[in-house]
Amino acid sequence: MASIRRALSSGALHQRMHLKKGARAATSLAERYDQRAVWAPHLAPIPCSRPPMHISEASHPNCNSLAAIDGRSFTTAYQGAPGDGKLGDNLLSHLIPHQSTLKDGRRVEVDFFRHSDDFEEDEWYGGMALMNLVIREGLSWPFEEDFESVEEWRGYFLSHTAFVVRALDNGMDAAKRNSSSRGEVLGCFYIKPNFPGRCSHVCNGGFITAPRFRGLGIGRLMGNVFLAAARDLGYKSSYFNLVFKSNVGSVKLWESLGFERVTTLEKAARLEGLEEGELDTAYGYRYDLETLPADYLGTK
């Protein structure tokens, strides 16, 4: 970011043109997901300097070591090295892409993120836009600061295995006020170790539904695919650290999918919408993936 600011202040025309192009693309993406979104100039796309990491078969969760991957040995739910979100994709060829139909009849697919040189088509930037939207909402994630570059976001969201819910048809948003197009990202989620080393067989998941598409069944679709994919990646169980009590929809979803509430952490989060000084309770939810039926296709 500092180098871009120096380039701009020195009058480098090509840098100004790149920043303006990136800002237009970022604004377009944010508006596509939520009409209330405001993209700040510092969120303009920045070229990635590090390529996606390559993995070896021996480093996969289905083998003896779950996290021995190019410097990811100490990866946890909140840190990692920038990747492409395709760790273990060879183990999910029977499942991904996974097609389904939403409540409004629209066909969608759960697939890996697509990367493109075109900002408008690049799902990495779309995923970062969604992440920053829910951070600003302040209702469901613990973060307070936006991700300022796609590489920083990749270190969090794409360090292991991650997916988008992509529209296969044109349609409308949940309020039926604005149109949406084929190829639009309606949601996204990741699967990765919750803890390092000896506990890395316990995975964590992070889920985002684009605000204007909530209520169409996207969260349930992601939850079902998460369970099947996590099991097939070799994880033994899943544990969600922070499901906030005030996030009633999330609580109902995980319990309806068979997750067990195993912890209650009072006064855990300063969330938007609460009274001054009030702290929300967080629940921890666990799922024993070894009990998942072999032919699991999800629950309605």
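The rules behind each value
Residues numbered from 1 in each chain as written. Predicted model: local features only at pLDDT ≥ 70, side-chain atom pairs only at ≥ 80, totals over all residues. Heavy atoms only, no water. Helix = DSSP H or I, 4+ residues; strand = E, 2+ residues; numbered from the N terminus. Buried < 20%, exposed > 50% of the residue type's maximum accessible area, 1.4 Å probe, protein only. Contact = heavy atoms within 4.5 Å. Areas by Shrake-Rupley, 256 points an atom, 1.4 Å probe, with all protein chains shown as cover. Phe/Tyr/Trp six-rings, centres within 6.5 Å; stacked < 30°, edge-to-face > 60°. Axes fitted to C-alpha atoms, helices over the stretch in contact; angles between N-to-C directions. Parallel < 35°, antiparallel > 145°, perpendicular 65-115°, else oblique. Nonpolar A, V, L, I, M, F, W, Y, C, P; charged D, E, K, R; others polar. Lys, Arg positive; Asp, Glu negative; His and termini not counted. Salt bridge = Lys/Arg side-chain N within 4 Å of Asp/Glu carboxyl O. Pairing = 2+ DSSP bridges. Core = buried A, V, L, I, M, F, W, Y, C linked by side-chain atoms within 4.5 Å.

In terms of helices and strands, the protein carries six helices and 10 strands. Expressed as a percentage of its 300 residues, the buried residues of the protein come to 50%. Across the protein, contacts joining residues at least 24 apart in sequence account for 70% of those joining residues at least 6 apart. Of the roughly 14,600 Å² of accessible surface on the protein, a fraction of 49% belongs to carbon and sulfur atoms.

Moving on, we come to the packing of aromatic side chains. Counted according to the given criterion, the structure contains 23 aromatic pairs. With 5.1 Å between their ring centres and 85° between their planes, Phe143 and Tyr156 make a pair best called edge-to-face. One end of the pair, Phe143, is in the loop between α3 (123-137) and α4 (150-157); the other, Tyr156, is in helix α4, with 13 residues separating them in the sequence. With a centroid separation of 5.2 Å and 65° between ring planes, the pair formed by Trp254 and Phe259 is classed as edge-to-face.

On to the packing of α3 against α4. Two numbers describe how α3 lies on α4: the axes approach to 10 Å, and their chain directions differ by 80°. Judged by the angle between their axes, α3 and α4 are roughly perpendicular. For the pair α3 and α4, contact is made by Trp124, Tyr125, Gly127, Met128 and Met131 and by Val150, Trp153, Arg154, Tyr156 and Phe157, respectively. A class-by-class count of the residues in the contact of α3 with α4 yields eight nonpolar, one polar and one charged.

Because an α-helix completes one turn every 3.6 residues, residues spaced three or four positions apart along the sequence face the same direction. Of all eight residues that make up α4, seven are buried, and the element is covered over most of its length. All of the buried residues in α4 are Val150, Glu151, Trp153, Arg154, Gly155, Tyr156 and Phe157. At its buried positions, α4 is contacted by α3, β3 (161-167), β6 (185-193) and β7 (202-209).

Next up on the list: the side chain of Asp122. When you line up the elements, Asp122 lands in the loop between β2 (107-112) and α3. Buried Asp122, no salt bridge; nearest opposite-charge side chain is Arg154, N-O distance 8.7 Å. With sequence-adjacent residues up to four places away left out, Asp122 is seen in contact with Arg114, His115 and Ser116.

Take the environment of Leu92 next. Its place among the elements puts Leu92 in the loop between α2 (13-33) and β1 (98-101). Judged by its relative accessible area of 0%, Leu92 is buried. Between the C-alpha atoms of Leu92 and Ala230, which are 138 residues apart in sequence, the distance is 9.6 Å. For Leu92, the contacting residues outside a window of four places in its chain are Phe112, Thr161, Phe163, Ala229, Asp232 and Leu233.

Right, let's get into the pairing of β1. Sheet topology places β1 next to β2; four bridges connect them, and they run antiparallel. Bridging across to β2, Gln99 finds its partner in Glu109.

For the rest of this paragraph, the subject is the pattern of salt bridges. A full pass over the atoms with the stated rule returns 15 salt bridges. Note that Asp104 and Arg106 form a salt bridge whose closest N and O atoms lie 3.1 Å from each other. Given a relative accessible area of 34%, Asp104 falls into the partly exposed group. Among the ionic pairs, Glu123 bridges to Arg166, the shortest N-O distance being 2.7 Å. With Glu123 in helix α3 and Arg166 in strand β3, this residue pair connects regions lying 43 residues apart in the sequence. Put simply, Glu109, Asp111, Arg114, Glu123 and Arg166 are held in one network by salt bridges that share partners.

Below, the discussion takes up the nonpolar core. Considering soluble globular proteins, one finds that nonpolar side chains tend to be buried as a cluster. With 65 residues, the main nonpolar core has Met131, Trp153, Phe157, Ile191 and Phe226 as its most contacted residues. Looking at this core element by element, the count peaks at nine residues for helix α5 (residues 218-232). Contacts of Phe226, omitting those with residues within four sequence positions, involve Phe189, Tyr190, Ile191, Cys203, Asn204, Gly205, Phe207, Ser238, Phe240 and Phe259.

What follows covers the sheet that holds β6. With mixed pairing, eight strands are arranged side by side in an open sheet as β1-β2-β3-β6-β7-β8-β10-β9. Two strands in the sheet have a free side with no partner beyond their single neighbour: β1 and β9 (260-269). Direction aside, the axes of adjacent strands within the sheet are offset by 25° on average. Alignment of β7 against strand β8 (residues 237-244), held across two bridges, turns out to be parallel. Pairing of Cys203 across the sheet is with Ser238, part of β8. Running at roughly 85° to β6, α3 makes contact with β2, β3, β6 and β7 of the sheet. Together, β3, β6 and β7 form the strand contacts of α4, whose direction differs from that of β6 by roughly 60°.

Residues Ile96 and Pro97 are joined by a peptide bond in cis, for which omega reads 0°. Unlike most non-glycine residues, Lys176 shows phi in positive territory, near 55°. By relative accessible area, which is 61% here, Lys176 ends up exposed. The phi dihedral of Lys267 is positive, around 50°, even though this residue is not glycine. Within the secondary structure, Lys267 is located in strand β9. Judged by relative accessible area, Lys267 falls into the exposed class, the value being 67%.

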